Amino acid sequence: MVLALSATLIVIVALLWEVAAPRVTEGWERHRARRARVPVDVYDPGRERRAEQRARQLLRSCVNDEEWDMYRELGFIRVWGALSAGPEQGGTQATRAGAPYAYIIYPHKPIVAYLPQTRELLAEYCVAFPDETRPYGSARLPDSDDALAKWMALTGDEHHLAGQANMHLPGRQIDPKQVRRDLWRLSQWEQSRLRRLAREQRTPTS
């Protein structure tokens, strides 16, 4: 009698488990999912600052002393254009009035071509150098890396860059007044730097 009741109880429990098991399993999985810790990419406020510091070190190792001081103190770099450019190389505007032309490189802004003698603005060249590795959740390069990429493109193959860039009239993206103020600042900076270098040359070394 006891054996028969035990066997019956076992059969009933087995049948109930077959019916309830899927619901129990589903409920357990939902419980685990709710309690699971979702990995979050925690924003590190110092990460971009460290990236910019590394970029500045790289820029410093590539440009000359004058260009580095210019970038560090003024926030942009002046690059002289190819003085040999002629009409057949697209140099008609650049050599207007016999003045050599130059470029101003800003981080994350168009490159501005101008005539140093008159401060006449010639054109804006829009180029982009995205960070394909996207280490910071964005394709935007650190400021100094962007400036270095433009500097390398201009000094390495100016005509290729001018041919590939989107060229616009001055004022398309950068206020011409700002550029002229920066050119005035550049002239004041150059005069001050020349005076400082002259004083250093006159000072006898011990």
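Anything mentioned here points back to the structure above.
Fair warning: this is a prediction, and the values are worked out from it, not measured in the lab. (Residues numbered from 1 in each chain as written. Predicted model: local features only at pLDDT ≥ 70, side-chain atom pairs only at ≥ 80, totals over all residues. Heavy atoms only, no water.)

### Thoughts on the nonpolar core
When a protein is soluble and globular, its nonpolar side chains tend to lie buried together. With 22 residues, the main nonpolar core has L59, I77, Y103, I105, Y125, W151 and L154 as its most contacted residues. Mapped by element, the contributors of at least two residues to this core are α3 (65–74), β1 (77–80), β2 (102–105), β3 (111–115), β4 (120–126) and α4 (143–164). Counting residues per element, this core draws most heavily on α4, which supplies 6 residues. Every residue in contact with W151, bar those within four places of it in the chain, is listed here: C62, V63, E67, I77, V79 and I105. (Core = buried A, V, L, I, M, F, W, Y, C linked by side-chain atoms within 4.5 Å. Buried < 20%, exposed > 50% of the residue type's maximum accessible area, 1.4 Å probe, protein only. Helix = DSSP H or I, 4+ residues; strand = E, 2+ residues; numbered from the N terminus. Contact = heavy atoms within 4.5 Å.)

### Focus: α3
For α3, the full list of buried residues reads E67, W68, D69, M70, Y71 and L74. The secondary structure elements touched by the buried residues of α3 are α2 (47–62), β1, α4 and α5 (176–202). One or two steps after α3, the chain reaches G75, where phi turns positive at roughly 90°.

### As for the pairing of β2
For a regular strand, the rule is simple: side chains alternate between the two faces of the sheet. Burial along β2 is two-sided: the face carrying A102 and I104 and the face carrying Y103 and I105 are both buried. Looking at chain direction, β2 and β3 are connected through 3 bridges and run antiparallel. Its bridge partner lying in β3, A102 is registered against Y114. Hairpin remark: β2 followed by β3, antiparallel, with 5 residues in the connecting loop; positive phi at H108, about 60°. (Pairing = 2+ DSSP bridges.)

### Focus: the packing of α3 against α5
Remark: α3 packs on α5, axes separated minimally by 11 Å, with the N-to-C direction vectors making an angle of 125°. One finds that α3 runs oblique with respect to α5. Here the hand of the crossing between α3 and α5 comes out right-handed. Of α5, the residues touching α3 (which contributes D65, E66, D69, M70, E73 and L74) are R185, L186, W189, E190, R193 and R196. (Axes fitted to C-alpha atoms, helices over the stretch in contact; angles between N-to-C directions. Parallel < 35°, antiparallel > 145°, perpendicular 65-115°, else oblique. Left-handed = near helix turned anticlockwise from the far one by under 90°.)

### A short note on unusual backbone geometry
We note that H108 has phi near 60°; this positive angle belongs to a residue other than glycine. For H108, the location among the structural elements is in the loop between β2 and β3. Located in the positive-phi region is R119, a residue other than glycine, with phi close to 60°. With respect to the helices and strands, the residue R119 is situated in the loop between β3 and β4. Judged by relative accessible area, R119 falls into the partly exposed class, the value being 31%.

Functional significance is not addressed by these values, which are geometric in nature.
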